[in-house]
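Tertiary structure, described
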Amino acid sequence: MMVLLAVLFLAAGFLCGGVFFSPETAAFFSESSKWVLYLLMFSVGVSVGANRQVFHQMRQYHVRILVIPACIIAGSLVGGALCSWLAGRPLAQGLSVSSGLGWYSLAGVMLTELSGPAVGSLAFLSNLMRELVSFLIIPFLAKRLGPYAAIAPAAATSEDTTLSLLRRYTGETAAVMAVVNGVACSAAAPVLMQLFASFG
């Protein structure tokens, strides 16, 4: 339902920007997007801070708990580099877009600010597609490759939108790991996007 609403609001924005709003109104929305980004980061911090299981799991596994998010981030960047090569786009763009790690609302706003509306739109759509595909393949991956492999496509969304699906198909232990993974990916996403966008 959340993904459908995101697509509907995007379509409504295209319609309003192209037909109903003046250039001045569109510029206002563009300028205010950074405040939306700050609010988004604050709300994620609140939700993470309120989840006591995350800190318990971190104390239990120490550094080992970062293996899954580190592999997911590395795989995402390799995929972004490959896609940029196939599409004939600059490497920095592919890396910055894939650094969204499925967090489409952040990636769209942040990369629009950093790299312009074309890259921002690409980041929004590609990360939205990642979340959609995650919903489709998590049950298959959990059954065929195991619970921890099912966390990989979800990336940053494993702490929120895909968590209920992961809990259903992987069990409680892997679900807690999914929350920790989502926190780590969510923390890494803005840093990596900022880094790679600066190269472009």
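Described below are features of the structure shown in this document. Values in this document were obtained by computation on a predicted structure and should not be read as measured data.

1. Quick notes on the nonpolar core
Of all hydrophobic cores here, the largest spans 38 residues; its most connected members are Ile 73, Leu 101, Leu 111, Leu 166 and Met 193. Mapped onto this core, the elements with two or more residues apiece are α4 (67–87), α5 (91–98), α6 (104–115), α7 (117–144), α8 (163–170) and α9 (172–199). Excluding residues that lie within four positions of it along the chain, Leu 101 makes contacts with Ile 73, Ser 76, Asn 127, Arg 130, Ala 154, Ala 155, Ala 156, Thr 157, Cys 185 and Ala 189.

2. Things to note about the side chain of Glu 159
One can find Glu 159 in the loop between α7 and α8. At 2.7 Å, the side chain of Glu 159 and the side chain of Ser 186 are in polar contact.

3. What about α6?
A rise of 1.5 Å per residue sets the reference length of α6, with its 12 residues, at 16 Å; its end C-alpha atoms lie 15 Å apart and thus fit the reference within 8%. Along α6, the positions that sit buried rather than exposed are Tyr 104, Leu 106, Ala 107, Gly 108, Val 109, Met 110 and Leu 111. Just downstream of α6, Gly 116 is the residue with a positive phi angle, here 105°.

4. Quick word on the environment of Leu 82
Structurally, the position occupied by Leu 82 is in helix α4. Leu 82 sits 13 residues away from Leu 95 along the chain, and the two C-alpha atoms are 9.3 Å apart.

5. Description of the packing of α7 against α8
Contact geometry of α7 with α8 gives a least axis separation of 9 Å together with a crossing angle of 15°. As judged from the angle between their axes, α7 and α8 are roughly parallel. Every pair of crossing elements has a handedness; the one defined by α7 and α8 is right-handed. Contacts between α7 and α8 involve Ser 134, Phe 135, Ile 138, Pro 139 and Ala 142 from the first element and Leu 165, Leu 166, Tyr 169 and Thr 170 from the second. Among the residues forming the contact of α7 with α8, the class breakdown is 7 nonpolar, 2 polar and no charged.

6. Considerations on the packing of aromatic side chains
This structure, assessed with the given rule, holds 2 aromatic pairs. Arranged with centres 5.4 Å apart and planes meeting at 85°, the rings of Tyr 104 and Phe 124 form a pair that is edge-to-face. Residue Tyr 104 is found in helix α6, and its partner Phe 124 is found in helix α7; the two are separated by 20 residues along the sequence. Note on Phe 124: relative accessible area 13%, which makes it buried.

7. Topic: the environment of Ala 156
Within the secondary structure, Ala 156 sits in the loop between α7 and α8. Here Ala 156 falls in the buried class, since its relative accessible area comes to 2%. Sequence-wise, Ala 156 and Trp 103 are 53 residues apart; in three dimensions their C-alpha atoms are separated by 6.0 Å. Apart from the residues within four sequence positions on either side, Ala 156 is in contact with Leu 101, Trp 103, Gly 182, Cys 185 and Ser 186.

8. Observations regarding a nonpolar patch on the surface
A grouping of Met 129, Leu 132, Val 133, Leu 136 and Ile 137 is seen on the molecular surface, where their side chains present a nonpolar patch of about 430 Å² in accessible area. Within the secondary structure layout, Val 133 lies in helix α7.

9. Concerning the side chain of Asn 127
By secondary structure assignment, the location of Asn 127 is in helix α7. Among the residues examined, Asn 127 registers a relative accessible area of 3% and is labelled buried.

10. Here's the deal with α8
Buried within α8 we find Leu 163, Leu 165, Leu 166 and Thr 170. Taken end-on, α8 shows its buried residues confined to a sector of 160°, consistent with a single buried face. Of the surrounding secondary structure, the elements contacted by the buried residues of α8 are α7 and α9. Where α8 ends, the next residue or the one after it, Gly 171, has phi of about 95°, a positive value.

What counts, and at which threshold
Residue numbers here run from 1 along each chain, matching the order of that chain's written sequence. Thresholds applied to this predicted model are a pLDDT of at least 70 for local features of residues and 80 or more for the giving and counting of side-chain atom pairs; totals over whole chains, interfaces and linings are not thresholded and use all residues. Side-chain measures here rest on the full set of heavy atoms in the structure, leaving out hydrogens and waters. What makes a nonpolar core is a set of buried Ala, Val, Leu, Ile, Met, Phe, Trp, Tyr and Cys residues whose side-chain atoms join them at distances within 4.5 Å. Any residue under 20% of the maximum accessible area for its type is buried, any over 50% is exposed, and the rest in between are partly exposed; the area is computed with a 1.4 Å probe on protein chains only. Counting from the N terminus, the helices are the DSSP runs of H or I reaching at least four residues and the strands are the DSSP runs of E reaching at least two. Contacts are residue-level and defined by heavy atoms, with any inter-residue pair within 4.5 Å sufficient. Definition of a polar contact: a pair of N or O atoms within 3.5 Å, with one able to donate and the other able to accept a hydrogen when the atoms are protein atoms, and with sequence-neighbouring residues admitted only if both atoms are side-chain atoms. Helix span, expected: 1.5 Å multiplied by one less than the number of residues in the helix. All axes are obtained by fitting lines to C-alpha atoms, using only the stretch in contact for helices, and the reported angles, taken between N-to-C directions, cover 0 to 180 degrees. Roughly parallel refers to an angle under 35 degrees, roughly antiparallel to one over 145, roughly perpendicular to one between 65 and 115, and oblique to any angle outside these ranges. For a crossing to be left-handed, the near helix must be turned anticlockwise from the far one by less than a right angle; the clockwise case is right-handed. Asp, Glu, Lys and Arg are counted as charged, while Ala, Val, Leu, Ile, Met, Phe, Trp, Tyr, Cys and Pro are counted as nonpolar; the rest, among them Gly, fall into the polar class. Side-chain rings of Phe, Tyr and Trp, where Trp is taken by its six-membered ring, are said to pair if the distance between their centres is within 6.5 Å; with planes under 30 degrees apart they count as stacked, over 60 as edge-to-face, and otherwise as tilted. Patches here: salt-bridge-free residues with over 30% relative accessible area, like charges joined within 9 Å, nonpolar side chains (Val, Leu, Ile, Met, Phe, Trp, Tyr) joined within 5 Å. In these tables, accessible area is a Shrake-Rupley quantity obtained with a 1.4 Å probe, and a residue counts as shielded only by the protein chains included in the view. One side-chain nitrogen of Lys or Arg within 4 Å of one carboxyl oxygen of Asp or Glu is enough to make a salt bridge. Of all possible arcs, the one meant is that of the directions from the helix axis to the C-beta atoms.

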